[in-house]
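# Inside the fold
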Amino acid sequence: MLRPSFRALGLAAVAGLSLFAPATAQTQAPTNAFARALPADTLMYVSAPDLKTTLEEFQSMPLAKMWREKEVQDFFGRALAMADDAWGQMMSEARQAHENGQLPFDPDQLVKARIRAASFAITSMALAVPEGQREPLPRFGLVLHLDFGDTAPIWNQVLQMGMGMLQGMAGDEMTTSLRDVGGVQLTTMRPANEPIEMGINVAFVGNGVLIGTLEDDVAGMLQRLAGETAGGLTSTADFKAMARHVEFSGAETEVFLRPGRFIDFAMDTLRLAKENAPGFPEWLDVDGVERAVQALGLRSMQGIGATERYVDGKAVSSSFVMAPAADRRGFLTDTAGTIDLGFLRWIPKDAVSFSAMKIDVGNIYKTLTAALRAYDENMAEMMMGQLQDMESQLGLSLEKDLFGAFGNDLVYWSMPIAAMMAAPEMGIIVSVKDQEAVLRTLQTLANMSDGFVSLKQNERRGTWQLRFEFDAGGMMGGFNPADMFVPTFTFKDGYMVAGFTNGDVKRAVTRMEREDDPADDIRSNPEFAPFLAQIPKEGLSSLSFTDWKSSFEGMYSIVASAAMFLPMDESIPFEPELLPEQSTLTQHLYGGVTWSRVSPDGYSSSGVGPFGPEMFVILGGAVAAGIGVFAAMDGGADMPIRIR
């Protein structure tokens, strides 16, 4: 039996951290062969089809430009030096292990390995109880494809070694079989003497490897790749329809999924549990759950597609929810209408962000009650009767005084952060159908809070304030966070105008009353103005904007202030006094905008901004770094803290 050297495996894993580094060798353009080879009924497909080009294009993005700034390099200098030392030590140990025969491959060759493309798919999801068994067994089809380009020989050696070690460790507990499919050897490893169909199926195809949990899936993909059989995901009608709305070619990341198939799995699992689980609640009607799901409109979504790409130093996103108008139900019913861009005159020129949307609040109530009735009409009548009794006691109607009192228009904006312990100025404007009903509902809810919330009218200013009574006691030095937020509102021309202070509300009302002057509102904001020509005028259901430069400045000031409280210790690889100047970073930032539209085919969303798919990597690294910093701080808790 092969006995693995776990230290050698660790060294190999650390050495493999370089696999995503930019490559210099030329590779063929991506052909999306993985998507074409997937089974036609695949549930979900996710791909980064050309990592080499993605990394090259990322160099023109704001985060990459920030990283190359000398001030940033100086700030991270100690951390980079520590990482270099750790890397050098690890590589030295790996070379020694290789010389001693503990590591079967040269680590200096391994660090040259690259992944050119990575794709993942869920081809099927099911649970089944085998004959003669009591417990259900999973049958999940998961497929991974990695393209190694011209570094494939290095990876093949590593993976072959890993498969051999796995077989050695498993011994008689695992069976291994080999067969030729489409001119490629398919290796299948599966637990011995177990009824489970899932296993590990591996095939080296061209410059990559195909790994899946179900033998039939991988074999079928190999046959399609070899041209022996036709069909596949991209040949299906719904994928072709999605491709007409979302351009997959040339994207950095691409996603396609079928929500209905996930709902099918959930419903099948419920039915299986009802038939086999002894503790399953008898009162739960699985068919009723399916009726409720349809009433909510969840079955209206036939597919979801999304892509992100880098274009001229900007991240461009696109997504589409395929939901034909004739099939829409529940929450997806078109009842809200479309946005009139006239609201832009209300938004201050120097706002750092704003959002506007159409939302039918009344439809929320109608959909929820329809779903309840679809589940069980008798139970719905009983529950609605109880609700009416409660409403009679409270003196209000949820349908008319809460959900039905508001209109379909919602606009809000935020101004720059002024101070660390103060809420930023903001404005909220929402259309109302019955302001007396809104006031009655808010007063009733306040009365039910046992003094925690109070609603008071400021007669002199003509506004109302919601105050949250929170006794901080000895916590936080007696600081009461509720003092930062005092929701204030008034009514103006069929709208509820709200903010955190009387001043916020007064300024918002003043802007609603002024003459239309593009030179004095968000339309003349230099970060937003360039997008005006791109925003569609027809079918617009939402629009959002963020001035990332101004937003970053506010957040950066808070981070810089907090950094001064870090303990001075060599184990913490950052020096607060070396924090880069704001302008060093913000010079690379710009505004970002997203909008969504409704069409007869479904719902589309588009966006342009400074951040793209790299944020998933950055956030993951930030979490890891944060854990390391807090661990270092915990280890040095007894050391004095120096505050500048």
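Each value, and the rule that gives it
- Residues numbered from 1 in each chain as written.
- Predicted model: local features only at pLDDT ≥ 70, side-chain atom pairs only at ≥ 80, totals over all residues.
- Heavy atoms only, no water.
- Core = buried A, V, L, I, M, F, W, Y, C linked by side-chain atoms within 4.5 Å.
- Buried < 20%, exposed > 50% of the residue type's maximum accessible area, 1.4 Å probe, protein only.
- Helix = DSSP H or I, 4+ residues; strand = E, 2+ residues; numbered from the N terminus.
- Contact = heavy atoms within 4.5 Å.
- Axes fitted to C-alpha atoms, helices over the stretch in contact; angles between N-to-C directions.
- Parallel < 35°, antiparallel > 145°, perpendicular 65-115°, else oblique.
- Nonpolar A, V, L, I, M, F, W, Y, C, P; charged D, E, K, R; others polar.
- Pairing = 2+ DSSP bridges.
- Salt bridge = Lys/Arg side-chain N within 4 Å of Asp/Glu carboxyl O.
- Polar contact = N/O pair within 3.5 Å; in protein donor to acceptor, adjacent residues only side chain to side chain.
- Left-handed = near helix turned anticlockwise from the far one by under 90°.
- pLDDT = per-residue confidence, 0-100.
- Expected span 1.5 Å × (residues − 1).
- Phe/Tyr/Trp six-rings, centres within 6.5 Å; stacked < 30°, edge-to-face > 60°.
- Lys NZ or Arg CZ within 6 Å of the ring centre and 35° of its normal.
- Patch = residues over 30% accessible without salt bridge, like charges linked within 9 Å, V, L, I, M, F, W, Y side chains within 5 Å.
- Areas by Shrake-Rupley, 256 points an atom, 1.4 Å probe, with all protein chains shown as cover.

Okay, the nonpolar core next. If you look at the biggest cluster of nonpolar residues, it comprises 28 residues, and the most contacted ones within it are Phe343, Ile347, Phe354, Trp413 and Leu543. Broken down by secondary-structure element, the contributors of at least two residues to this core are strand E13 (353-358), strand E14 (406-414), helix H17 (502-513), strand E20 (540-547) and strand E21 (591-599). The leading source of residues in this core is H17, at 4 residues. In this structure, Leu543 is in contact with Ile339, Leu341, Phe343, Phe354, Ser355, Ala356, Ile535, Val593, Thr594 and Trp595, ignoring residues within four places of it in sequence. The next biggest cluster of nonpolar side chains, apart from the first, holds 25 residues, and it includes Ala35, Ala121, Leu210 and Leu233.

A separate point is the packing of helix H13 (residues 361-375) against helix H14 (residues 377-394). Relative to each other, H13 and H14 sit at 135°, their axes nearing to 5 Å. The angle between the axes of H13 and H14 places the two elements in the oblique class. Across the interface between the two elements, Tyr365, Thr369, Leu372, Arg373 and Tyr375 of H13 pack against Glu377, Met379, Ala380, Glu381, Met383, Met384 and Leu387 of H14. Of the residues contributing to the contact of H13 with H14, the split by class is 8 nonpolar, 1 polar and 3 charged.

As a further point, take unusual backbone geometry. Positive phi, normally seen in glycine, also occurs at Asp450, with a value near 55°. Take Asp450: it is sitting in the loop between helix H16 (435-447) and strand E16 (453-458).

Attention now goes to the pairing of strand E10 (residues 253-257). Bridge count between strand E1 (residues 44-48) and E10: 4 bridges; the pairing is antiparallel. Bridge pairing in E10 links Val46 to Val255. As defined by bridge partners, E10 adjoins strand E11 (residues 303-311) across 5 bridges and the pair is classed as antiparallel. Paired with Val255 across the strands is Ala306, a residue of E11.

Another point: the pattern of salt bridges. In the structure shown here, the tally under the stated rule is 25 salt bridges. Residue Arg258 pairs with Asp238 through a salt bridge whose shortest N-O separation is 2.7 Å. Taken together, the residues Arg258 in the loop between E10 and helix H11 (259-276) and Asp238 in helix H10 (residues 237-243) connect sequence positions 20 residues apart. Like Arg258, the residue Asp238 is buried in the burial classification. For the salt bridge of Asp516 with Arg523, the shortest nitrogen-to-oxygen distance reads 2.4 Å. Since its relative accessible area comes to 48%, Asp516 is described here as partly exposed. Connected through salt bridges with shared partners, the residues Arg514, Asp516, Asp521 and Arg523 form a single ionic network.

Turning to helix H12 (residues 286-296), a few remarks are in order. Of all the 11 residues making up H12, 8 are buried; the element is thus mostly covered by neighbouring parts of the structure. At its buried positions, H12 is contacted by H11 and H13. Measuring from the side-chain oxygen of the N-cap residue of H12 to the backbone nitrogen of Asp287 gives 3.1 Å; that N-cap residue is Asp285. Just downstream of H12 lies Gly297, where phi reads positive at about 95°.

What follows concerns the packing of H12 against H13. At a minimum axis separation of 7 Å, H12 and H13 run at an interaxial angle of 155°. Here H12 is positioned roughly antiparallel relative to H13, judged by the angle of their axes. Like other packed secondary-structure pairs, H12 and H13 cross with a definite hand, here right-handed. In contact with Gly288, Val289, Arg291, Ala292, Ala295 and Leu296 of H12, H13 contributes Thr367, Leu368, Ala370, Ala371, Ala374 and Tyr375. Across the contact of H12 with H13, the residue classes tally to 9 nonpolar, 2 polar and 1 charged.

Turning our eyes to something else, we now look at the confidence of the model for the protein chain. Overall, the prediction assigns the protein chain a mean pLDDT of 86, with 87% of residues at 70 or greater. Ranking the helices and strands of the protein chain by mean pLDDT puts H12 first, with 97, and helix H1 (residues 6-15) last, with 38. The model gives residues 635-644 a pLDDT under 50, and that stretch makes 13 contacts with residues more than four places away or in other chains.

A rise of 1.5 Å per residue sets the reference length of H11, with its 18 residues, at 26 Å; its end C-alpha atoms lie 26 Å apart and thus fit the reference within 8%. Contacts from the buried residues of H11 go to strand E3 (127-128), E10, H12 and E11.

Turning our attention to the environment of Leu455. Residue position: Leu455 is located in strand E16. In this structure the C-alpha to C-alpha distance between Leu455 and Leu445, which are 10 residues apart in sequence, comes to 9.4 Å. In this view, Leu455 contacts Leu439, Leu442, Gln443, Ala446, Trp464, Gln465, Leu466 and Phe489; residues no more than four positions away in its chain are not counted.

Here we come to the pairing of E1. For E1, the tally of buried residues reaches 4 of 5 residues, placing the bulk of the element in the interior. Relative to strand E2 (residues 117-124), E1 runs antiparallel, the two being bridged by 5 bridges. Paired with Tyr45 across the bridge in E2 is Ala121.

With that settled, consider the packing of aromatic side chains. Any aromatic ring pair is given by two values, namely how distant the centres are and how the planes are angled relative to each other. Following the criterion strictly, the structure yields 19 aromatic pairs and no others. Pairing Phe354 with Phe545 gives two aromatic rings, centres 5.9 Å apart and planes at 35°, and the pair type is tilted. Of this pair, Phe354 sits in strand E13 while Phe545 sits in strand E20, and the two are 191 residues apart along the sequence. Comparing Phe354 with Phe545 shows no difference in burial state: the two are buried. Geometrically, the ring pair formed by Phe489 and Phe491 is edge-to-face, given 5.9 Å between the ring centres and 80° between the ring planes. Pair check on accessibility: Phe489 and Phe491 agree, each one buried. Members of the aromatic cluster, connected to one another through ring pairs, are Phe343, Phe354, Phe528 and Phe545. Seen from the ring of Tyr590, Lys314 lies directly overhead, with NZ or CZ sitting 4.9 Å from the centre. Between Arg328 and the ring centre of Tyr603, over which it is positioned, the NZ or CZ distance is 4.8 Å.

Where nonpolar side chains cluster on the molecular surface, the patch consists of Val46, Phe120, Leu142 and Leu144 and spans about 250 Å² of accessible area. If you trace the backbone, Leu142 turns up in strand E5 (residues 141-147). On the basis of relative accessible area, Leu142 is assigned to the partly exposed category, the value being 31%.

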